[in-house]
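Topology and contacts: notes
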Amino acid sequence: MKIVLLGYMGSGKTTIGRIVANHLGIKFLDLDEYIEEQEKMTVANIFRERGELYFRKKEREYLADIFLRKDNFVLSLGGGTPCFGDNMQLVNQQTKNSFYLNIHIDELTNRLKQEKEHRPIIAHLANEEVQEFIGKHLFERSYFYNMAHQKLKGNQRTPSALAEEIIGMLV
């Protein structure tokens, strides 16, 4: 069983993914963490030292590698992963269990304002700029996110409730 969670940063992919994996007794993988382990460098440092193009190329390689080498897992993608190259086509060829965690912009804004220092892409923004930034990103990315087999509205729902819903929808 291969389960893939995607959505914007702050949507709960890692938290929910760990719950699902634990419940099913399978491995949880976070693509960004996997890349960091393989590259022996943080994602932020890869972007800074080698550039986004290098990162996106490696991201695609490691995504394919996970599907080839791993049997049963829950995989949390980076927020931008679905939007580059043929990543979503690869995901949907490899599993029928891709889930878009669709969280409303207001909720994402509230969550991410509290985590700004841990989110390099928004750390430089003033609090009043965060919502517009997220809105623009969501607009650009929604086409790719909506390629997921299943879409879950996550507003005002606990990670456990969303994890239960995902488990109930598995093919």
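Now for a quick tour of the structure. Since the model is a prediction, treat every value here as computed from it, not as a measurement. (Residues numbered from 1 in each chain as written. Predicted model: local features only at pLDDT ≥ 70, side-chain atom pairs only at ≥ 80, totals over all residues. Heavy atoms only, no water.)

Digging into the overall build of the chain
Helix and strand content of the chain: eight helices and five strands. Taking 171 residues into account, the globule formula puts the C-alpha radius of gyration at 16 Å, and the chain, at 15 Å, falls close to it. With the C-alpha coordinates aligned to their principal axes, the bounding extent of the chain is approximately 40 × 40 × 25 Å. Counting contacts in the chain only where the partners sit at least 6 residues apart, residues at least 24 apart contribute 73% of the total. In the chain, 23 positive and 23 negative side-chain charges are present, and the distance between their average locations comes to 4 Å. (Helix = DSSP H or I, 4+ residues; strand = E, 2+ residues; numbered from the N terminus. Rg over C-alpha atoms; globule rule 2.2 N^0.38 Å. Contact = heavy atoms within 4.5 Å. Lys, Arg positive; Asp, Glu negative; His and termini not counted. Charge placed at Lys NZ, Arg CZ, Asp CG, Glu CD.)

Side note on the pattern of salt bridges
Going through the model one piece at a time under the given rule, you end up with 11 salt bridges. A salt bridge links Glu-52 to Arg-56; the nearest nitrogen and oxygen atoms lie 3.1 Å apart. Remark: Arg-56 and Glu-52 occur in helix α4 (residues 52-69); sequence separation between them is four residues, near one turn of the helix. Since its relative accessible area comes to 36%, Glu-52 is described here as partly exposed. One salt bridge in this structure joins Glu-115 and Arg-119, with 2.7 Å as the shortest N-O distance. Among the residues examined, Arg-119 registers a relative accessible area of 24% and is labelled partly exposed. Each of Glu-52, Arg-56 and Glu-59 takes part in a single network of salt bridges with overlapping partners. (Salt bridge = Lys/Arg side-chain N within 4 Å of Asp/Glu carboxyl O. Buried < 20%, exposed > 50% of the residue type's maximum accessible area, 1.4 Å probe, protein only.)

Concerning the pairing of strand β4 (residues 97-102)
The element β4 is largely enclosed, with a buried count of six among its six residues. Bridge analysis of strand β1 (residues 2-6) against β4 gives four bridges, and the strand direction is parallel. The partner of Ile-3 across the bridge, within β4, is Asn-97. As paired strands, β4 and strand β5 (residues 150-153) are joined by four bridges and run parallel to one another. Counted as the bridge partner of Leu-101 is Leu-152 from β5. (Pairing = 2+ DSSP bridges.)

Examining the packing of helix α2 (residues 31-39) against helix α3 (residues 43-50)
Close contact between α2 and α3 brings their axes to 9 Å; oriented N to C, the two are set at 60°. The orientation of α2 relative to α3 falls into the category oblique. Contacts from Asp-32, Ile-35, Glu-36 and Glu-39 in α2 reach Val-43, Ile-46 and Arg-50 in α3. Classifying every residue of the contact of α2 with α3 gives three nonpolar, no polar and four charged. (Axes fitted to C-alpha atoms, helices over the stretch in contact; angles between N-to-C directions. Parallel < 35°, antiparallel > 145°, perpendicular 65-115°, else oblique. Nonpolar A, V, L, I, M, F, W, Y, C, P; charged D, E, K, R; others polar.)

Topic: the nonpolar core
Ranked by size, the top nonpolar core spans 35 residues in total, and within it Tyr-8, Leu-31, Leu-63, Leu-75 and Leu-77 carry the most contacts. Elements with a minimum of two residues in this core: β1, α2, α3, α4, β3 (73-76), α5 (87-94), α6 (105-113) and α7 (127-145). Among the elements that make up this core, the one with the highest residue count is α4 (six residues). Leave out the neighbours within four places in its chain, and Tyr-8 touches Lys-13, Leu-108, Leu-112, Phe-133, Ile-134, His-137, Leu-138, Arg-141 and Tyr-145. Among the nonpolar cores identified, the runner-up in size contains 14 residues, and Ile-16, Val-74, Leu-101 and Ile-166 belong to it. (Core = buried A, V, L, I, M, F, W, Y, C linked by side-chain atoms within 4.5 Å.)

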